[in-house]
Each structure stands twice: as structure tokens, then as C-alpha cells.
Amino acid sequence: MFHTPLCDLLSIRYPILQGGMAWIATAELSAAVSAAGGLGILGAGNAPPDYVRDQIQQTRRLTDRPFGVNIPLFSPYVDAVVEVCIEEEVPVVTTGAGNPALIMRPLKEAGIKVVPVVASVALARRVERMGADAIVVEGMESGGHIGDVATLPLIPQVVDAVDIPVIAAGGIGDGRGLVAALALGAAGVQMGTRFICVAECIAHDNYKQALVRAHDRSTMTTGHSIGHPMRALRNPMTRRFQELERGQISEEEIIEFGMGRLRLAVEEGDMTEGSVLAGQICGLIREVLPVQDLITGMVAQAQEAIEQLNALAGQQA
Ligand SMILES: Cc1cc2nc3c(=O)[nH]c(=O)nc-3n(C[C@H](O)[C@H](O)[C@H](O)COP(=O)(O)O)c2cc1C
């Protein structure tokens, strides 16, 4: 059930990816997702290469299943982290926040599957021409850095525009979301926000509980004025960020204001001054679960949703 071409491409049981998340997607989380049959992806963030190597080796000690590394293209260590992924023979690399043209070739030559994250049809077409093996297509409902098109209109437009497998991301948190993505033509899903609320995630308990308490309108976006919008839980920090953006403040001052705030939320549990990155799907999260339970529950719910749709189709026939 739910075996798609993506499962063969990445050697995984379920077409469910855990998005690379800076400071959050560590070896514990990624290994648990891979062990449960999905694809865990380590978040390299802007961490130095030695940290990434250590995380890769830790993941290997925890699981023998395939996993990935996410490299945000704004990291000052992009080339060195690419080198580490090649040396450590990481099976899959996803790239975030930009155009992966410069790192595509060395990764592909090393036999690594490259899966860029894109937020538009134009970039999807471009990375396919560069040789991407699959693409994560992320709608603006998602947590973290976002584009400006929502998942529901974006996925079928990209599916029609490319021939490589499309992985839907942004606003997916359960089995119904998985079935909806498959119905739009995606070959799988990537979830970020939902995977923060699992037992194996190292994020501070305050972060997890804030997501459990959140509702559909709990997030807001900041960073539009500098061309890097991001979505996070509404809190005193995001409100101040928004006020600063409305005023006469330079790009450098805005960047400085945001510096280190995700780490503050993840490590110290500061829900007032920290940046609690999260997507709109946070309103659906009701509990913190072990990864295995989350994935098996999601697959069971997807099966149920398909049975209901089949019954509906039968009634129409
Ligand atoms: C806290 C947080 C941090 C994230 N960090 C990254 C990152 O470093 N690189 C990246 O490509 N995507 C990042 N993302 C995006 C996720 O990998 C994933 O694509 C996204 O969360 C999917 O949407 P969802 O939050 O609605 O599930 C982040 C998302 C969150 C919530």
C-alpha cells in the first residue's frame, strides 16, 4: 500500500519524508523516521562540516536504513558540507532556500540522489533540467522559509510541468494529507511541523507543547521586507519583527534581529523571544507521539480515507 516510484528511488517503505530542519532534525529524529520506514533527513542548517559529519555517523549507528542530509544554500559551509556528504556516502541530499546549480554536479557524480526543495513551477523545471532525481514542492502553508503559492494549487501545476517524482510539502500532517497529495499527482510527502511533536525530536518541550496548543490561525509570516519570508508561531518576537519591518530599519538590522532566535526556541524553550518556526498544520497536532506510532497511524488513516473514497466512487457508479 502506498508504494510509489519514490519508494524505489529512495529505497524506503512509505513515501513519507521528514523535512531537514535546522537545529531540530538531528540524528535521533532522522534515524527514528528512517527506521520506521520513511526517510529521515538531517538538517545541516548553517552548522560547520564537523558537526554534520558527526550527525551522519550517529545516524548510521542508530539505523541501517537510508537517510538524507538537507543543505540550505545560504549556509556559509555549503561546499564543505557537500564534501562531507560525498565522503560519508550519504544516499540522499535535499537542498533548501535557493538554486542548487553549483552543487548538483559533484553530488550527482558521487552517485548521491539530489532532491531540491522548490516553491514554483519555474524552479521545478530548472532543477529537473539540471538533473534532480526528484523534487520537494513546498507550499506557503509550511513552517520555516516559504514561497508565495499554496500547496493545493502548486502541486498539480508542478506535476504537469515535470517528469521526475514530486514530493508534496506544506500543510501535511496526517493520513488524509498523504492521500490528498497522492490524488494531486505527488509521489510522496514531506512533513516538517508534524515531526517536531514526536518523542525522538530534541526540540524543547515548551516548543512541542506550544504546537499542541496552537490552532489554525496561530502562525504568521515575517521577513517579507528582506525577500526571505518565513512562517512561525505568533508571539511577542514575531509581532516586534513585524513592527520593525514597517519602520525605517535597514536590512542588516532586521537580519541581526532574527539571528539565533530559532536556536533560542529549540534549545532553551524560549517561546517569547525565540523564533518558533511552524506551519499552519500545527492546529491539527494534538499530541506528542513516538515516530513509529505517528507513521503507522498515518498509513492506517490514509488507507481508511481511500476506502471512504472508493465507497463514494462505488456509489456514483
Ligand atoms: C522548524 C523548522 C525548520 C526548518 N528548517 C529547514 C531547513 O533548514 N532547510 C529546509 O530546506 N527546510 C526547512 N524547513 C522546512 C521543512 O523541511 C519542510 O519542508 C516543511 O516544514 C514542510 O511543511 P510543514 O511544516 O507544513 O510540514 C523547516 C521547517 C520548520 C518547521
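Higher on the page you've got the structure.
Residues numbered from 1 in each chain as written. Predicted model: local features only at pLDDT ≥ 70, side-chain atom pairs only at ≥ 80, totals over all residues. Heavy atoms only, no water.

S.K.: Tell me about the pairing of strand 5 (residues 113-118), and name the residues and values.
M.R.: In terms of residue burial, strand 5 counts as a mostly covered element, since 5 of its 6 residues are buried. Judged from the 4 bridges that link them, strand 4 (residues 92-96) and strand 5 form a sheet pairing that is parallel. Bridge pairing in strand 5 places T95 opposite P116. Handedness of the strand 4-helix 5 (residues 101-109)-strand 5 crossover: right-handed. Bridge count between strand 5 and strand 6 (residues 135-138): 2 bridges; the pairing is parallel. Looking at the pairing, V117 lines up with V136 of strand 6. Taking the sense of rotation as the criterion, the β-α-β connection linking strand 5, helix 6 (residues 121-130) and strand 6 turns out right-handed. (Buried < 20%, exposed > 50% of the residue type's maximum accessible area, 1.4 Å probe, protein only. Helix = DSSP H or I, 4+ residues; strand = E, 2+ residues; numbered from the N terminus. Pairing = 2+ DSSP bridges. Right-handed = clockwise from strand over helix to strand, strands pointing away.)

S.K.: Run through the sheet that holds strand 1 (residues 16-18), naming residues and quoting values.
M.R.: Strand order in the open sheet made by the 8 strands is 1-9-8-6-5-4-3-2, with parallel pairing throughout. The sheet terminates laterally at strand 1 and strand 2 (40-43), the two strands that pair on one side only. Each adjacent strand pair in this sheet contributes to an overall mean axis angle of 25°, direction not counted. On the sheet, helix 2 (residues 27-35) packs against strand 1, strand 2 and strand 3 (67-72) and is oriented at approximately 165° with respect to strand 2. Docked against the sheet, helix 6 engages strand 5 and strand 6, running at close to 165° with respect to strand 5. (Axes fitted to C-alpha atoms, helices over the stretch in contact; angles between N-to-C directions. Contact = heavy atoms within 4.5 Å.)

S.K.: Talk me through the sheet that holds strand 7 (residues 144-145); I want residue IDs and the actual numbers.
M.R.: Strand order in this open sheet of 3 strands is 7-11-10, and the pairing throughout is antiparallel. Of all strands in the sheet, those with a lone pairing partner are strand 7 and strand 10 (219-222), marking the two edges. By the bridge criterion, 2 bridges tie strand 7 to strand 11 (residues 230-233) in an arrangement that is antiparallel. In the sheet register, H145 faces strand 11, and the bridge partner there is M230.

S.K.: Tell me about a negative patch on the surface, residues and numbers included.
M.R.: A cluster of acidic residues, E251, E252, E253 and E256, forms a negative patch at the surface. Checked against the element boundaries, E251 lands in helix 12 (residues 251-258). By relative accessible area, E251 is classed as partly exposed at 43%. (Patch = residues over 30% accessible without salt bridge, like charges linked within 9 Å, V, L, I, M, F, W, Y side chains within 5 Å. Areas by Shrake-Rupley, 256 points an atom, 1.4 Å probe, with all protein chains shown as cover. Salt bridge = Lys/Arg side-chain N within 4 Å of Asp/Glu carboxyl O. Lys, Arg positive; Asp, Glu negative; His and termini not counted. Charge placed at Lys NZ, Arg CZ, Asp CG, Glu CD.)

S.K.: Go over the nonpolar core with me, naming the residues and quoting the values.
M.R.: Ranked by size, the top nonpolar core spans 82 residues in total, and within it I16, V69, I135, F195, Y207 and I295 carry the most contacts. Discounting chain neighbours no more than four positions away, the residues touching I135 are V115, P116, V118, A124, V127, V158, V162, I164, P165, V166 and I167. If you look at the next biggest cluster of nonpolar residues, it comprises 15 residues, including C7, I12, L39 and A169. (Core = buried A, V, L, I, M, F, W, Y, C linked by side-chain atoms within 4.5 Å.)

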